[in-house]
Amino acid sequence: MADMGSFRDAVTAWAAGGPGEPARELAARLSVRAAVLLEGPSDVAAVDALAASRGRNLADEGVCVLAMGGAMSIGRFADRLGPPGLGLRLAGLCDEGERGFYTRGLERAGAPREGFFVCAADLEDELIRALGVPRVVELVRAEGDLRPLETFLRQPAQRGRIAGQQLRRFFGTKKGRKIHYGRVLVEALDPDRAPAPLTGLLAAL
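Here the structure is a predicted model, which is why all the values come from computation and not from measurement.

A. Summary view of the pairing of strand β4 (residues 116-119). Alignment of strand β3 (residues 89-95) against β4, held across four bridges, turns out to be parallel. Across the sheet, residue Leu-93 finds its bridge partner in β4, namely Phe-117. What joins β3 to β4 is helix α5 (residues 99-109), and the crossover it makes is right-handed.

This is the structure in structure tokens:
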């Protein structure tokens, strides 16, 4: 049975140079109305977790949340999903350092930027600041990763970095860790403490 995962796979294949007809057929069959364009899977995990915490199932609402594999892919995805392609409403998050890629990619596709929200450094940074370093370390302990974190912090390269930067680096040191903590950190947020970019994105959908 076709589901939003099938549509996501079809869009990813289309953006990589494959045929567009499978994505077009699935978009119509599933009544897809919007696409959330995110840099990577950890961002997807965070957005899905926040939506779930607020009682929303984005797939059931016709919203496809997908990872593009990097900010430089925004132009290809906006071209296929936005006005030149499927005509879906586009939204997403980007890091401050990648804002230029998003601006140029959306402009080329003729897509509005109103649904896109900028994280100060990246989404992990936003979540760490929202929770506070002590709370994030508690979560790392609860997830059984305190010893790896302590080993990581003893590395010479971590000297001189502030605690938030160290945690961000740590989350990226093992495959799947950023995705895991994207969900864990969001689920630990108080309802009124979610970072503004995440809150704004969900409200825009």
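B. Up close: the packing of helix α7 (residues 133-142) against helix α10 (residues 177-187). Here α7 crosses α10 at 120°, and the two axes come no closer than 11 Å. For the element pair α7 / α10, the angle class is oblique. With respect to the hand of their crossing, α7 and α10 are arranged in right-handed fashion. Mapping the contact onto sequence places Val-136, Leu-139 and Val-140 in α7 and Tyr-181, Val-184 and Leu-185 in α10. Tallied by class, the residues present in the contact of α7 with α10 amount to six nonpolar, no polar and no charged.

C. Representation of the packing of aromatic side chains in the model. Tallied over the entire structure, the rule returns four aromatic pairs. A centroid spacing of 5.9 Å and a plane angle of 70° characterise the contact between Tyr-102 and Phe-116, whose relative ring orientation is edge-to-face. Residue Tyr-102 is located in helix α5, and its partner Phe-116 is located in strand β4; the two are separated by 14 residues in the primary sequence. Pair check on accessibility: Tyr-102 and Phe-116 agree, each one buried. A centroid spacing of 6.1 Å and a plane angle of 50° characterise the contact between Phe-170 and Phe-171, whose relative ring orientation is tilted. Judged by its relative accessible area of 0%, Phe-171 falls in the buried class.

Conventions adopted
Residues numbered from 1 in each chain as written. Predicted model: local features only at pLDDT ≥ 70, side-chain atom pairs only at ≥ 80, totals over all residues. Heavy atoms only, no water. Pairing = 2+ DSSP bridges. Helix = DSSP H or I, 4+ residues; strand = E, 2+ residues; numbered from the N terminus. Right-handed = clockwise from strand over helix to strand, strands pointing away. Axes fitted to C-alpha atoms, helices over the stretch in contact; angles between N-to-C directions. Parallel < 35°, antiparallel > 145°, perpendicular 65-115°, else oblique. Left-handed = near helix turned anticlockwise from the far one by under 90°. Contact = heavy atoms within 4.5 Å. Nonpolar A, V, L, I, M, F, W, Y, C, P; charged D, E, K, R; others polar. Phe/Tyr/Trp six-rings, centres within 6.5 Å; stacked < 30°, edge-to-face > 60°. Buried < 20%, exposed > 50% of the residue type's maximum accessible area, 1.4 Å probe, protein only.

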